[in-house]
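# Analysis of the macromolecular model
Now for the letters of each chain:
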Amino acid sequence: MIQLLNEIKGAATIGIGGHIRPDGDCVGACMALYLYLKKCMPEADVRVYLERPADIFDTIAGTEEIRTQADAQAPDVFFALDCESSRLGAAKPLFEQAGKKINIDHHISNMGCGTVNYIDAQASSTSEMIYRLLEKERMDAEIAKALYIGMIHDTGVFQYSNTSPETMRIAADLMEYGFDFSGLIARTFYEKTYVQHQIMGRALLESFLFLHGRCIVSVVDRKLMEFYNAAPQDLDGIVSQLRDTRGVDCAIFMYETDIMQYKVSMRSTDRVNVAEIASYFGGGGHKKAAGCTMSGTFHDVVNNLSLHIEKQLQEEQ
Ligand code: AMP
Ligand code: MN
Ligand code: MN
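Residues numbered from 1 in each chain as written. Chains lettered and ligands numbered in written order. Predicted model: local features only at pLDDT ≥ 70, side-chain atom pairs only at ≥ 80, totals over all residues. Heavy atoms only, no water.

The next subject is the overall build of the chain. Each helix and strand counted, the chain has 12 helices and 11 strands in total. Along the three orthogonal principal directions, the C-alpha set of the chain runs to about 60 × 45 × 40 Å. Burial statistics for the chain: of 317 residues in total, 51% are counted as buried. Counting every atom, the chain has about 14600 Å² of accessible surface; 49% of that belongs to carbon and sulfur. Each charge sign in the chain was given a centre, from 30 positive and 43 negative side chains, and these centres are 1 Å apart. (Helix = DSSP H or I, 4+ residues; strand = E, 2+ residues; numbered from the N terminus. Buried < 20%, exposed > 50% of the residue type's maximum accessible area, 1.4 Å probe, protein only. Areas by Shrake-Rupley, 256 points an atom, 1.4 Å probe, with all protein chains shown as cover. Lys, Arg positive; Asp, Glu negative; His and termini not counted. Charge placed at Lys NZ, Arg CZ, Asp CG, Glu CD.)

See below:
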């Protein structure tokens, strides 16, 4: 583990960034660290860089201060959270040119891209790792809330196997701050807009099983996204729903990002390691949740993935 405040002692400018298409853990971890550093280092200029998060995350304090474009000057220290530098988007040059680069992440595919790395593939979330680094007497309810949101999103509300006794102990500590945890779970995790439900319905309806019912796949093309005026964020949760199909060991969901280009999300059980497959195709993630971008027709993509999944399922028997 790193000594957070020691690592950044004397820094006048600090940047924080997370991955493109930021999810709850990414937003929660970045905002918690941002709020904490602003509080502990009032003399420093602390800035947070992210693509605009989904509206549901507006409940986190300080999100209106997020910068979506990089500034000209690189900071003394830059934190890359919940990803490696290749996924930082607009903030990538700031990280690369920073005096000190700190990488904090829980992705098994991340080898560490900073001058200081704190990588723990056992951690449920980057938010859980950030919690470990904070001095508890300097925490407050807003920081606790941001971390809690991060943890519920990456654990599927403490359901996925990345949830550990430590995760639950940290969640319990965070609950002591007295925010409305039940409302947060309902509004940021389960609630969907009508349009989100409609698209999920379409994706489920048009999904199909392959590899003898052990895999399921579905796709949303650009025409459908345009018809519903949907953004990528509106597709969250579809792949998890597909994985919940009885008998399925690997679920694939993809949406078209460009002509013959797809953003692929995979979810699996113990029997398939999707991090391995996503890494092979230039992406990454965790054993049971990973993603990558792939080119070709929908059928090319399915065939390419299918070969790898089939091989793993055969080896497993
Ligand atoms: P997603 O399917 O996009 O929800 O991603 C599942 C997990 O894999 C998340 O932890 C992502 O951060 C990670 N992931 C998704 N795409 C990539 C990628 N291209 N490179 C590395 N990790 C990824
Ligand atoms: Mn993430
Ligand atoms: Mn994460």
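Further notes follow.
Every protein donor of the manganese ion (ligand 3) is accounted for by Asp25 (OD), Asp82 (OD), His106 (NE2) and Asp154 (OD), and the metal-donor separations fall at 2.1 to 2.3 Å. Sequence spacing among the residues donating to the manganese ion (ligand 3) works out to D-x56-D-x23-H-x47-D. Separating the manganese ion (ligand 3) from the manganese ion (ligand 2) is a gap of 3.5 Å, which aspartate 82 spans by donating to each of them. Taken together, the positions of aspartate 25 in helix H2 (residues 24-40) and aspartate 154 in helix H5 (residues 141-155) put the pair 129 residues apart, joining distant regions of the chain. Owing to a relative accessible area of 0%, aspartate 25 belongs among the buried residues under this scheme. Judged by relative accessible area, aspartate 154 falls into the buried class, the value being 16%. (Donors = N, O, S within 2.8 Å, 3.2 Å for Na, K, Ca; no water.)

Further remarks concern helix H12 (residues 298-316). Between the first and last C-alpha of H12 there are 27 Å, a value that for 19 residues agrees with the 27 Å anticipated at 1.5 Å per step. Along H12, the residues that are buried comprise Phe298, Val301, Val302, Leu305, Ser306, Ile309, Gln312 and Leu313. Elements that come into contact with the buried residues of H12 comprise strand S6 (208-210), strand S7 (215-220), strand S8 (250-258), strand S9 (261-268), helix H11 (274-280) and strand S11 (289-295). (Expected span 1.5 Å × (residues − 1). Contact = heavy atoms within 4.5 Å.)

Now for the site of ligand 1. Surveying the vicinity of ligand 1 reveals 13 residues, the closest of which are His107, Lys263, Ser265, Arg267 and His286. Take arginine 87: an N or O atom from its side chain is 3.2 Å from an oxygen atom of ligand 1. Between ligand 1 and the protein, one listed contact pairs an oxygen atom with a side-chain N or O atom of histidine 286 at 3.1 Å. Summarising the interface, the protein chains cover 82% of the accessible area of ligand 1, which totals 480 Å² for the free molecule. Secondary structure elements with two or more residues in the shell around ligand 1: S9, strand S10 (284-286) and S11. The dominant element in the shell around ligand 1, judged by the number of residues it contributes, is S11, at 4 residues. In terms of residue class, the shell around ligand 1 is built from 3 nonpolar, 7 polar and 3 charged. (Near = heavy atom within 4 Å. Polar contact = N/O pair within 3.5 Å; in protein donor to acceptor, adjacent residues only side chain to side chain. Nonpolar A, V, L, I, M, F, W, Y, C, P; charged D, E, K, R; others polar.)

The next thing to look at is the sheet that holds S9. Reading across from one edge, S6-S7-S8-S9-S11-S10 is the order of the 6 strands in this open sheet, with mixed pairing throughout. Across the chains shown, the open sheet's two edge strands, defined by having one partner strand only, are S6 and S10. For this sheet, the mean inter-axis angle between neighbouring strands, taken without regard to orientation, is 25 degrees. Taken together, the 3 bridges between S6 and S7 define a ladder with antiparallel strand orientation. Residue pairing for S7: phenylalanine 208 is matched across the bridge by valine 217. Together, S6, S7, S8, S9 and S11 form the strand contacts of H12, whose direction differs from that of S8 by roughly 150 degrees. (Pairing = 2+ DSSP bridges. Axes fitted to C-alpha atoms, helices over the stretch in contact; angles between N-to-C directions.)

This part covers the sheet that holds strand S2 (residues 45-49). Read from one edge to the other, the open sheet built from 5 strands follows the order S2-S1-S3-S4-S5, with strand pairing classed as parallel. Both outer strands of the open sheet, S2 and strand S5 (116-119), are each paired with one neighbouring strand and no more. Within the sheet, the average angular offset between the axes of one strand and its neighbour, ignoring direction, is 15 degrees. Examined bridge by bridge, strand S1 (residues 13-17) and strand S3 (residues 77-81) share 4 bridges and lie parallel to one another. The residue bridging glycine 17 from the neighbouring strand is alanine 80, located in S3. Contacting S3, strand S4 (100-105) and S5, helix H4 (residues 126-133) crosses the sheet at an angle of about 120 degrees to S4.

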